[in-house]
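Listed below are the residues making up each chain.
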Amino acid sequence: MVLKRLSLSLFLGFLLTSLIVPSSIARFVVEKNSLRVTSPDKIKGTYDSAIGNFGIPQYGGSMAGAVVYPKDNKKGCKEFDEFGISFQSKPGALPTFVLVDRGDCFFALKVWNAQKVGASAVLVADDMEEALITMDTPEEDVSSAKYIENITIPSALIEKSFGETLKKALSNGDMVNVNLDWREAVPHPDDRVEYELWTNSNDECGVKCDMLMEFVKDFRGAAQILEKGGYTQFTPHYITWYCPQAFTLSRQCKSQCINHGRYCAPDPEQDFSSGYDGKDVVVENLRQLCVFKVSNETKKPWVWWNYVTDFQIRCPMKEKRYNKECADAVIKSLGLDAKKIDKCMGNPDADSDNPVLKEEQNAQVGKGSRGDVTILPTLVVNNRQYRGKLEKGAVLKAICSGFEETTEPEVCLSGDVETNECLDNNGGCWQDKTANITACRDTFRGRVCECPLVDGVQFKGDGYSHCEVSGSGRCKINNGGCWHESRDGHTFSACLDVDGGKCQCPPGFKGDGVKSCVDVDECQERKACQCSACSCKKTWEAMNALVVGIFCISETMIPA
């Protein structure tokens, strides 16, 4: 078992590092912000710092603060409370920027520990002389997921030599004031912001996948407003790898790749013997790319956000619904052309390039000011890789900083977002046109498909393909979806007004209770019984016929 896991890990590691980009030209760009020392005079100047890939950088703005280097817990790996240390600034004083040393624990943990005791920003001094790197979050670490989500302060890595300069000034008793500046972190060349999200349809890859899925749902409403108003141009992207030629016939490559090893994704559960395969993820990624392309052709590129959100909700891996059948149901509900999407996807078994995925692999290569995309998820705004927490407010601020001042759209100035998605194709949600009832509801996060509450009666269902009335009072709403009919001044209904009640034809009728109930011919049912006291006639009302039938049974019955 140990050997099996080791060989699997080695193979995955080899596969994941076998990018189509030769290592000689691969280029990871570290996104920087400006750090300016304003005092003391002897170290005044501007220095580079690398923006941390968590927390909330103040894109488009700047922040001034006073630097503090703690006497204890210098690496920030333990809680500062244990040492009686607080970084809460006093009223009227500059915010506190905590300087900590690199090493011994995750970057994010250092920032979290400082934030909990009042720090407004964190500077991490490198422990070796090297080019700046991007401080990232730990991979698939469940224990750190909670605090990473709650980091709201910015952080930056600084070079070792600059860190030593700051420490020396502080040890001499100097007040060290600095200014962190993000105003030029995102360029603003024109009145439209172009941004792209490198994402993934896999929902079983741990903490980062969970954060990505949550972001897509939260950001959808704002993204669609920006796109519909022509303020932005959004493009989704998906990373794939190729399988080295020597391994294309291996079981691992066959399970993780399509098009004979040309486009691969890691096994979702990292277990080749069970669950979904990497190639399932590649196929769904390809489908989502084609959803965007087909939607873009109809001048509605924002529909991509609806598809990926609905697919996450309706087709999760955990429920074994991550498949084409479920995807097609989502496509149909959104009124997309399924045939065009299938044609765009091509044949995953073909021993040839897939034009859509080939274009994606080429796009992974860094161009201009943007480096190679190697981290998932990655957001790129105006060709600069976004660094920080993937959260609606933080990302919206970064995108809005890409507009020239005074040219920002209203969504950048107000949190009150109206999407009105329910006006178009009912948002792809369930509806009863006859009763004028819909499961579509507009919210500031975009539309949601939830079975409604009407006149105190709750509908139940998935909100996409069906909703049914439930509970007491259900017969008030469209007769509970059951058969009903009026005749001779009387109204007959198959609806039972009880919790969990079904549609059941009333006495004297038979049928399914939903589409039809037919008046019972009692004479035919009892083989047309006759007796001296009565005769059965279909023209009698239902209850009278039942009484007559009972009376006939007690007498001598003569077949007609």
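Just above sits the structure.
Now for a look at the structure at hand. (Residues numbered from 1 in each chain as written. Predicted model: local features only at pLDDT ≥ 70, side-chain atom pairs only at ≥ 80, totals over all residues. Heavy atoms only, no water.)

1. Observations regarding the pattern of salt bridges
1) Next: Enumeration according to the criterion identifies 18 salt bridges in this entry.
2) Next: Two residues, Glu214 and Lys217, come together in a salt bridge whose shortest N-O distance is 3.9 Å. Here Lys217 and Glu214 lie together in helix α5 (residues 207–228), a separation of 3 residues that amounts to about one turn.
3) Next: Of the residues examined, Lys217 reaches a relative accessible area of 30% and is grouped as partly exposed.
4) Next: Where salt bridges share partners, they join Asp101, Glu164 and Lys167 into one cluster. (Salt bridge = Lys/Arg side-chain N within 4 Å of Asp/Glu carboxyl O. Helix = DSSP H or I, 4+ residues; strand = E, 2+ residues; numbered from the N terminus. Buried < 20%, exposed > 50% of the residue type's maximum accessible area, 1.4 Å probe, protein only.)

2. A closer look at the state of the cysteines
1) Next: Here the structure, examined in full by the defined rule, presents 10 disulfides.
2) Next: Here Cys451 connects covalently by a disulfide to Cys467, the sulfurs 2.1 Å from one another. Across the S-S bond linking Cys451 and Cys467, the dihedral sits near -85 degrees, which makes this disulfide left-handed. Of the two residues, Cys451 sits in the loop between β17 (448–449) and β18 (453–454) while Cys467 sits in strand β20 (residues 467–470), which places them 16 residues apart along the sequence. Just as Cys451 is buried, Cys467 falls in that class too. (Disulfide = S-S within 2.5 Å.)

3. Topic: the packing of helix α7 (residues 278–297) against helix α11 (residues 355–363)
1) Next: Between α7 and α11, whose axes approach to 10 Å, the crossing angle comes to 95 degrees. Here α11 runs roughly perpendicular to α7, going by the angle between their axes. Each of Val282, Leu286, Leu289, Cys290 and Lys293 in α7 lies in contact with α11, whose residues at this interface are Val356, Leu357, Glu359 and Glu360.
2) Next: Across the contact of α7 with α11, the residue classes break down as 6 nonpolar, no polar and 3 charged. (Axes fitted to C-alpha atoms, helices over the stretch in contact; angles between N-to-C directions. Parallel < 35°, antiparallel > 145°, perpendicular 65-115°, else oblique. Contact = heavy atoms within 4.5 Å. Nonpolar A, V, L, I, M, F, W, Y, C, P; charged D, E, K, R; others polar.)

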